[in-house]
Amino acid sequence: MNVRHIQTIWMKEIRTYFSSPIAYVIAAVFVGLTGFSFALSVESRFPEATVRGFLFGPTGAFFLVILMTPALTMRLFAEEAKLGTMELLLTAPIRDSEIVLGKFLAAFTMMLAMFSLTLYFPLLLIWFGDPEILPILTAYAGLVLMGSVAVAIGLLGSSLTSNQIVAAVVSLAVLLLLWLASFVATLGDPGSLWVDFIRFLSLNDHLRDLTFGILDSRDIVYFLSLTAFFLFITSRIVEMRRWR
Amino acid sequence: MIEAKGLTKFFGDYPAIEDVSFRAEPGEVVGFLGPNGAGKTTTMRILTGYTPPTSGTASIAGHDIQTQSLEARRAIGYLPETVPLYLDMTVRQYLSYMGALRGLSKQRIRSRIDDMFGLCRLEEYTDSLIGKLSKGYRQRVGIAQALLHEPPVLILDEPTIGIDPRQVVETRQIIRGLGGEHTVFLSSHILGEVSQVCDRVMIIHEGRIAAMDKAENLSESLGGTTRIILEVRGGTQNEITRILAGVPGVQSVEADESSGELSFIVECEPTQDLRAELARRIIERGWGLVDMHTAGLSLEEVFLRLTASQEEEDSASAEPEPA
């Protein structure tokens, strides 16, 4: 691994993001809709001074990450395949894994930038109320960890095809499966091995504790290993594309 | 500089190339000639490390393309068949990205980019978006990209395809100028181009090397004649054929009426240019010379002759000894 190679890809992708409207549109919709969720939660009959209000729900940050990450990542490999620039990248003196990591970091950076736009919610809470700080910190940690998993899945989807729409739909399907796994688990016998396994895979269950301020190393390991797993698969797929 | 031994690549059951072996010495310009689908691009993709061979080995500047892939790739400048460009970047941004990918330092990138603007005549378009450039200019950006890091080996896949004739001439000049300093390996399906630009020519047919020789030897052994095509008005076919055949140096005359006009294919010795003499004879008789041009062998004819001569050799050597 050569840091300079990764950095080169990373910077290039960031610049591409800023030169197209996609990132701006995604960020605007994200801030708008999470703001709506936040306002609803604060205006509710029993308002709580927590950030959970903008995280959960159909326009909450978690679900929006699932819906919007594919739009952010679909370009990354699919466009290179379509333009033929993949041939340039794969014949440049850099490793496949460095390409994958550079692209991952670029999309992840964009996602962090997007999240940072929501930081005024906790600031408002602190200004007008007296929230517990720890749950806010762990909730953001959860958001960031989930974002890394989502970007890794999006990157995998993009590496599979030269069609950006196909890439987005595939990534969305995988993300929705992981998101809905906990609901699927409620259908089976509680206590059976399968149910436990599906529940273990579910993004939802691992996020819940974090939003209550419970920092469990198992949750963190879950997110980090899932990210690493999808990045590893992506770099194998990039390598496999060489054979065709 | 480039050394390939027994390169073979299968796509499923279908062999794209079989047992391709050759060497290219430092400073040499080697042409790779073949019709579309003969395996040129596959061979180049193997050499550049884009796709691994099914069997066989190759090395670039002494580095094995599989075990020392990164070192080998560092020594190569590659222009793929579809010029790989980011349309939303300016020429300068694109080249500096390519420089960074190849690990050049910032100052080096800056000075090399300026060199490339000059060499590839891109000065007026340094800050234009690549998406707005014409095909010819995009091709130049592609060549600039391949040369940027001063690689000892250049691999150019169909560098003059799809650009207008004036730019073709310029591109060939640029490539010709690269020999000596770089080892250039370029592919083409135009015989004339390869014999103009290259020191040595390798012909690939259906995935196998059919011939390899110095460019002049190859066109001599293949052609042996220069071909002039004339269109004449007035006069009968027999008369004109007789007059043309009477010119010293003419080896054969063939009449052709299929296009409506009466045209003649005159084969003559390659050492002489008979065009002026042929024209004079036609005009003298009061006929109208409507069109006259020279024509080389088409690639199809080259292969016909090549395969025919090989079969002759094969059958000659296979003939049983008289008892």
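Here, the structure is the one placed above.
These numbers were taken from a predicted model, which means no experiment stands behind them. (Residues numbered from 1 in each chain as written. Chains lettered and ligands numbered in written order. Predicted model: local features only at pLDDT ≥ 70, side-chain atom pairs only at ≥ 80, totals over all residues. Heavy atoms only, no water.)

1. So, the overall build of chain A
Phase 1 of the analysis: Along the backbone of chain A there are 13 helices and 0 strands.
Phase 2 of the analysis: Counting from the amino terminus, helix and strand elements in chain A follow one another as α-α-α-α-α-α-α-α-α-α-α-α-α.
Phase 3 of the analysis: Here chain A has a C-alpha radius of gyration of 19 Å; the compact-globule value for 244 residues is 18 Å, and the two agree.
Phase 4 of the analysis: Its C-alpha atoms give chain A principal-axis dimensions of about 60 × 45 × 30 Å.
Phase 5 of the analysis: A burial count over chain A gives 52% of its 244 residues as buried.
Phase 6 of the analysis: By element, 72% of the accessible surface of chain A is carried by carbon and sulfur atoms, the whole surface being about 11,400 Å².
Phase 7 of the analysis: Mean positive and mean negative side-chain charge positions of chain A (16 and 17 charges, respectively) differ by 10 Å. (Helix = DSSP H or I, 4+ residues; strand = E, 2+ residues; numbered from the N terminus. Rg over C-alpha atoms; globule rule 2.2 N^0.38 Å. Buried < 20%, exposed > 50% of the residue type's maximum accessible area, 1.4 Å probe, protein only. Areas by Shrake-Rupley, 256 points an atom, 1.4 Å probe, with all protein chains shown as cover. Lys, Arg positive; Asp, Glu negative; His and termini not counted. Charge placed at Lys NZ, Arg CZ, Asp CG, Glu CD.)

2. Quick look at helix α5 (residues 135–147) of chain B
Phase 1 of the analysis: Relative to the 18 Å expected for 13 residues at 1.5 Å per residue, α5 of chain B spans 19 Å between its end C-alpha atoms, a close match to the ideal helical length.
Phase 2 of the analysis: Taking burial as the measure, the 13 residues of α5 of chain B include 11 buried ones, the bulk of the element.
Phase 3 of the analysis: Of the positions making up α5 of chain B, those classed as buried are G136, Y137, Q139, R140, V141, G142, I143, A144, Q145, A146 and L147 of chain B.
Phase 4 of the analysis: Buried-residue contacts for α5 of chain B involve α6 (85–91) of chain A together with β6 (76–79), α3 (91–101), α4 (106–119), β7 (153–157) and α6 (165–178) of chain B. (Expected span 1.5 Å × (residues − 1). Contact = heavy atoms within 4.5 Å.)

3. Comments concerning the interface of chain B and chain A
Phase 1 of the analysis: Listed as interface residues are 30 residues of chain B and, on the opposing side, 24 residues of chain A.
Phase 2 of the analysis: For the pair chain B and chain A, the summed buried surface comes to about 2,600 Å²; carbon and sulfur atoms form 60% of the total.
Phase 3 of the analysis: Interface area lost by chain B to chain A is led by Y50, Y86 and L101 of chain B, which between them contribute 27%.
Phase 4 of the analysis: Of the charged contacts, one joins R45 of chain B and E87 of chain A as a salt bridge, the two residues approaching to 2.9 Å between their closest N and O atoms.
Phase 5 of the analysis: Applying the counting criterion to the chain B and chain A interface returns 10 residue pairs in polar contact (both at pLDDT 80 or more).
Phase 6 of the analysis: Mapped onto the side of chain B that touches chain A, the elements with two or more residues apiece are β1 (2–11), α2 (69–74) and α3 of chain B.
Phase 7 of the analysis: A total of 6 residues in the side of chain B that touches chain A trace back to one element, the largest contributor, which is α3 of chain B. (Buried area = accessible area lost by both parts, 1.4 Å probe. Salt bridge = Lys/Arg side-chain N within 4 Å of Asp/Glu carboxyl O. Polar contact = N/O pair within 3.5 Å; in protein donor to acceptor, adjacent residues only side chain to side chain.)

4. A look at the layout of surface pockets
Gaps left between atoms are located by rolling a probe of water-molecule size over the structure's atoms.
Phase 1 of the analysis: Taken as a whole, the largest pocket encloses approximately 470 Å³ of empty space.
Phase 2 of the analysis: Taken together, 14 residues make up the lining of the largest pocket; nearest its centre are S96, Y97, A100, K106 and I109 of chain B.
Phase 3 of the analysis: Of all elements in the fold, only α1 (3–19) of chain A together with α3 and α4 of chain B reach the threshold of two or more residues within the lining of the largest pocket.
Phase 4 of the analysis: Ranked by the residues each element gives to the lining of the largest pocket, the list is headed by α1 of chain A, at 6 residues.
Phase 5 of the analysis: Class assignment for the residues of the lining of the largest pocket results in 5 nonpolar, 3 polar and 6 charged. (1 Å grid on protein atoms, 1.4 Å probe; cavity = no way out; pocket = protein on both sides within 12 Å on 5 of 7 lines; lining within 4 Å. Points joined across faces, edges and corners; volume = space filled by probe spheres on them. Nonpolar A, V, L, I, M, F, W, Y, C, P; charged D, E, K, R; others polar.)

5. A look at empty space enclosed by the protein
Phase 1 of the analysis: The final tally for this structure, using the stated rule, is 3 cavities of 30 Å³ or more.
Phase 2 of the analysis: By volume, the largest cavity amounts to about 90 Å³.
Phase 3 of the analysis: Contributing to the lining of the largest cavity are 13 residues, with T91 and A92 of chain A together with I76, Y78 and R102 of chain B lying nearest its centre.
Phase 4 of the analysis: Looking at the lining of the largest cavity, the elements that each hand over two or more residues are α6 of chain A together with α2 and β6 of chain B.
Phase 5 of the analysis: Of the residues contributing to the lining of the largest cavity, the split by class is 6 nonpolar, 4 polar and 3 charged.

6. With respect to the packing of aromatic side chains
Phase 1 of the analysis: Evaluated as defined, the whole model comprises 19 aromatic pairs over all chains.
Phase 2 of the analysis: On the numbers, 6.0 Å between centres and 45° between planes, the contact of F54 of chain A with Y140 of chain A is tilted. Here F54 of chain A is found in helix α3 (residues 52–55), whereas its partner Y140 of chain A is found in helix α9 (residues 133–159), with 86 residues between them in sequence.
Phase 3 of the analysis: Owing to a relative accessible area of 0%, F54 of chain A belongs among the buried residues under this scheme.
Phase 4 of the analysis: Look at Y140 of chain A and you get buried, because its relative accessible area is 13%.
Phase 5 of the analysis: Both rings, one in Y125 of chain B and one in Y137 of chain B, keep their centres 4.4 Å apart while their planes meet at 50°; by these two values the pair is tilted. (Phe/Tyr/Trp six-rings, centres within 6.5 Å; stacked < 30°, edge-to-face > 60°.)

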